[in-house]
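Report on the structure
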Amino acid sequence: SFGPPSRAHMISVSSPPHPSPPFHHTAITTLEHVKTLHPSSPCTSLVVPYASRALWTDAHVVKVAQCCSLLRRVDLSNCSQVSDASIFALAEYCPLLQIVELVGCENVTDVSIIALARHCPLLQNIKLYGCTIMSDSPIITLAQHCSQLQFADLTKCHNLTDASITMLANHCPLLQCVSIIGCRNLTAESIILLAQRCMKMKQIYLFGCAQSVLDMLPTLRSEYHMIKWT
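Here's a quick rundown of the structure. The structure displayed is predicted, hence computed values, not measured ones. (Residues numbered from 1 in each chain as written. Predicted model: local features only at pLDDT ≥ 70, side-chain atom pairs only at ≥ 80, totals over all residues. Heavy atoms only, no water.)

1. Observations regarding the sheet that holds strand 7 (residues 177-179)
Quick reminder of the rule: Two strands qualify as a pair provided DSSP detects at least 2 bridges between them. Starting at the N terminus, helices and strands are each numbered in turn, a helix being any DSSP run of H or I of at least four residues and a strand any DSSP run of E of at least two.
Read from one edge of the open sheet, nine strands run 1-2-3-4-5-6-7-8-9, paired in parallel fashion. The sheet terminates laterally at strand 1 (27-28) and strand 9 (228-229), the two strands that pair on one side only.

2. Here's the deal with the nonpolar core
Side chains of a nonpolar character, in soluble globular proteins, are inclined to be buried together. The criterion, for reference: What we call a nonpolar core is a set of buried Ala, Val, Leu, Ile, Met, Phe, Trp, Tyr and Cys residues that are connected through their side-chain atoms within 4.5 Å. For every residue, the accessible area (1.4 Å probe, protein chains only) is compared with the maximum for its type, and the residue is labelled buried under 20%, exposed over 50%, or partly exposed between those bounds. Contacts are assigned to residue pairs that have any heavy atoms within 4.5 Å of one another.
Counting 72 residues, the largest nonpolar core has Leu76, Leu90 and Ile180 as its most contacted members. Elements represented by at least two residues in this core include exactly helix 1 (58-67), helix 2 (84-93), helix 3 (110-119), helix 4 (136-145), helix 5 (162-171), helix 6 (188-197) and helix 8 (217-223). Apart from the residues lying within four places of it in its own chain, the contact partners of Leu76 are Leu46, Val48, Val61, Val82, Ile87, Leu90, Glu101, Leu102 and Cys105.

3. Description of the packing of helix 1 against helix 2
What counts here: Lines fitted to C-alpha atoms define the axes here, with helix axes fitted over just the stretch in contact, and angles between the N-to-C directions of these axes take values from 0 to 180 degrees. Put simply, angles under 35 degrees are roughly parallel, angles over 145 are roughly antiparallel, angles from 65 to 115 are roughly perpendicular, and the rest are oblique.
It is the contact of helix 1 with helix 2, at a shortest axis distance of 8 Å, that shows an interaxial angle of 0 degrees. It follows that helix 1 is roughly parallel to helix 2 by the angle criterion. Contacts between helix 1 and helix 2 pair Asp58, Val61, Val62, Ala65 and Gln66 from the former with Ala85, Ser86, Ala89, Leu90 and Tyr93 from the latter.

4. Things to note about unusual backbone geometry
In this model, Ser40 sits at a positive phi of 60 degrees, which is unusual for a non-glycine residue. Structurally, the position occupied by Ser40 is in the loop between strand 1 and strand 2 (45-47). A relative accessible area of 66% means that Ser40 is categorised as exposed. The backbone of Lys156 sits at a positive phi, close to 65 degrees, despite the residue not being glycine. Along the chain, the position of Lys156 falls in the loop between strand 6 (151-153) and helix 5. Residue classification places Lys156 among the partly exposed positions, given a relative accessible area of 37%.

5. What about the packing of helix 5 against helix 6?
Quick note on the threshold: Only Asp, Glu, Lys and Arg are considered charged in this grouping, and only Ala, Val, Leu, Ile, Met, Phe, Trp, Tyr, Cys and Pro are considered nonpolar; every other residue, Gly among them, is considered polar.
One can describe the packing of helix 5 onto helix 6 by two numbers: an axis separation of 8 Å at closest approach and a directional angle of 10 degrees. Comparing their axes, helix 6 and helix 5 come out roughly parallel. Within the contact between the two elements, helix 5 uses Asp162, Ile165, Thr166, Leu168, Ala169 and Asn170 and helix 6 uses Ser190, Ile191, Leu193, Leu194 and Arg197. For the contact of helix 5 with helix 6, the per-class residue count stands at six nonpolar, three polar and two charged.

6. A short note on the side chain of Ser112
How we decide: In protein, a polar contact requires one atom able to donate a hydrogen and another able to accept it; more generally it is a pair of N or O atoms within 3.5 Å, and residues adjacent in sequence count only if both atoms are side-chain atoms.
Mapped onto the fold, Ser112 is located in helix 3. Residue Ser112 is classed as buried on the basis of its relative accessible area, which comes to 0%. A polar atom in the side chain of Ser112 sits 3.3 Å from the backbone oxygen of Thr109. Once residues within four sequence positions are removed from consideration, Ser112 is found in contact with Asp84, Ile87 and Phe88.

7. With respect to the pattern of salt bridges
Going by this rule: Salt bridge criterion: a side-chain nitrogen from Lys or Arg within 4 Å of a carboxyl oxygen from Asp or Glu.
All told, the structure shown has three salt bridges when counted by the stated rule. The partner of Asp75 in a salt bridge is Arg73, and the shortest N-O contact between them spans 3.8 Å. Here Arg73 falls in the partly exposed class, since its relative accessible area comes to 30%. Note that Arg73 and Glu101 form a salt bridge whose closest N and O atoms lie 2.9 Å from each other. Pair noted here: Arg73 is in strand 3 (residues 73-75) and Glu101 is in strand 4 (residues 99-101), with a separation of 28 residues, a long-range link.

Nothing here speaks to function; it is geometry throughout.
Right, dumping it as structure tokens:
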């Protein structure tokens, strides 16, 4: 795991610098933590701060994945250099993942999300907001393998069709919140199915969907009043 940077040491001419101690914390937040990673680290969380997101690369994420098999949460949102290589590593080494946030990760494609879904069945929360090249395939795979899914942010995943939403409705009964903002290929049919099948659903975000869907909002609010339609 990563850890806080070690304190500066006074180094004399005759004495070598002290090595950084192993990192034993449960949360990784800085690139400095990479220097003290060791195998079988107890870290359960990797959350990249806003200020350093542009600096994180696949190499950093791969190292975290290889050393931190207990990871439960990963937030790589807006890490512009992160690509499929990072997600493949998380899928391979971190089977306990429950929360994965990839907002704005435009270099992440279908193939790595499919791998993540197949190898991380405990996923409860996935954010793919702005992953604009995402197709139905990874969402269908998530539905098939991640039955504990509760939150799915698919905002601006423009290529999604009813096939994705229908699979979520049929295979993810614990869903509580789904955002399909800007998904203009969807019809009211799959969205109604989502409301009918997911009995724990609390909120569905529809802004920017097709006009035919938005025209259904009064009916949806009336018939499924326990759900907040936004």
